[in-house]
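Listed below are the residues making up each chain.
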Amino acid sequence: MAVIGYIAAILPLYVIVYLPLSHMLFGEQEKLPASQTPVLNSSFIASDEPLSCPSHKYNTFILSQEPLIVYIENFLSQEESTSLLTISEDKWTPSTVSTGAETSIQKDIRFSEVALIDQDDTVRCIEHRARDFQGWRPDLHIERLRTQRYGVGGHYRNHYDWSGASREADRVSTFMVYVDADCEGGGTEFPRIKMPDVRRGRWCEFLECSQDNPNPGKQHEDKWGVIFKPIKGNAVFWENLRPDGRGYEETFHAGLPVTSGTKVGLNIWSWGPARRK
């Protein structure tokens, strides 16, 4: 009898809370074979319609191969950054945190403003660039783009972008793009990623490197944790899921507090099959 009572108690929650939220994000679904991609709600997903975009060049630097983390120099042009700031200006609302079915403003966890931006040609070309970077995989879909504005004290405590809540779909990858970075602080920290060998390449241009280490060549041998500097136009890309669909624990990351000025970021999340068994 106790079991029957428990089931009777949770059934209304499933019907009233879980199903509406699931349908809002993923749309009405039938149970699909594992080989097929779930049909995602088109109001949350960027369009793949053909578009003629101006040529654009950027440089890439591989920080980690597993999980794949790539630093991208000049991901955005100056004109694209300016356009993103302009179209975001009248859309800022306080950022929220979701816990289960509840969404609320919790400034101790996430203190920023978010703007769900319209899909003009500039935005669509950025979406296409993100798809192109990932090889135009037919099973990936770009979530509608959002900008994030962080003033003094703005931050986002350590978190994952993948959720693990669905066996069908999840955020497969993330681009964190720095639209504007007229600030101090505000770096993007990955505490579970090992520091690279800063004696090689240009890493100290993009990462916070210790200035008081008497032997900087040994820094990469001992230190876990990297902090990407917020540099306007540049981006960090990483994969969130393993091939079997489990999330990479190493992608635990945070937006560190801005100590002066303003930082504006752009989130580009790609949804795809989670392939969980």
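Because the structure is a prediction, the values reported are computed rather than measured.

Caption draft 1: Region of interest: the pattern of salt bridges. Per the counting criterion, the structure on display carries 18 salt bridges. Two residues, Arg149 and Glu89, come together in a salt bridge whose shortest N-O distance is 3.8 Å. Of the two residues, Arg149 sits in strand 9 (residues 146–150) while Glu89 sits in the loop between helix 2 (78–88) and strand 3 (93–94), which places them 60 residues apart along the sequence. A salt bridge links Asp139 to Arg137; the nearest nitrogen and oxygen atoms lie 3.1 Å apart. Among the charged side chains, a salt-bridge network with shared partners connects Glu66, Arg242 and Glu250.

Caption draft 2: The nonpolar core, seen in detail. Phe75, Leu84, Leu266 and Ile268 are the most contacted members of the largest nonpolar core, which has 22 residues in total. Within the residue set of this core, elements represented by two or more residues are strand 2 (68–73), helix 2, helix 3 (121–133), strand 11 (169–185), strand 14 (235–239) and strand 16 (258–273). Ile69, Tyr71, Trp203 and Cys209 belong to the second-largest nonpolar core, a separate cluster that totals 18 residues.

Caption draft 3: Summary view of the pairing of strand 9. Within strand 9, four of the five residues are buried, which leaves it mostly tucked inside the rest of the structure. As paired elements, strand 7 (residues 113–116) and strand 9 share four bridges and run antiparallel to each other. Each residue of the ladder has a partner; that of Glu113, found in strand 9, is Arg149. As judged from the five bridges shared by strand 9 and strand 16, these two strands associate in the antiparallel manner. In the strand pairing of strand 16, Arg149 is matched with Val264.

Caption draft 4: How the structure looks around the packing of aromatic side chains. Under the criterion given, the structure shown has 14 aromatic pairs. With 6.0 Å between their ring centres and 50° between their planes, Tyr58 and Phe133 make a pair best called tilted. With Tyr58 in the loop between helix 1 (2–26) and strand 1 (59–65) and Phe133 in helix 3, this pair connects stretches of sequence that are 75 residues apart. The partly exposed category is assigned to Tyr58, whose relative accessible area is 25%.

Caption draft 5: Region of interest: the sheet that holds strand 10 (residues 155–159). Strand order across the open sheet formed by five strands is 6-10-15-12-13, with antiparallel pairing between neighbours. Each edge of the open sheet carries a strand with a single partner, namely strand 6 (110–111) and strand 13 (224–228). Strand direction decides the pairing type here: strand 12 (residues 188–194) and strand 13, joined by four bridges, are antiparallel. Directly across from Thr188, in strand 13, lies its bridge partner Phe228.

Scoring rules and cut-offs
- Residues numbered from 1 in each chain as written.
- Predicted model: local features only at pLDDT ≥ 70, side-chain atom pairs only at ≥ 80, totals over all residues.
- Heavy atoms only, no water.
- Salt bridge = Lys/Arg side-chain N within 4 Å of Asp/Glu carboxyl O.
- Helix = DSSP H or I, 4+ residues; strand = E, 2+ residues; numbered from the N terminus.
- Core = buried A, V, L, I, M, F, W, Y, C linked by side-chain atoms within 4.5 Å.
- Buried < 20%, exposed > 50% of the residue type's maximum accessible area, 1.4 Å probe, protein only.
- Pairing = 2+ DSSP bridges.
- Phe/Tyr/Trp six-rings, centres within 6.5 Å; stacked < 30°, edge-to-face > 60°.

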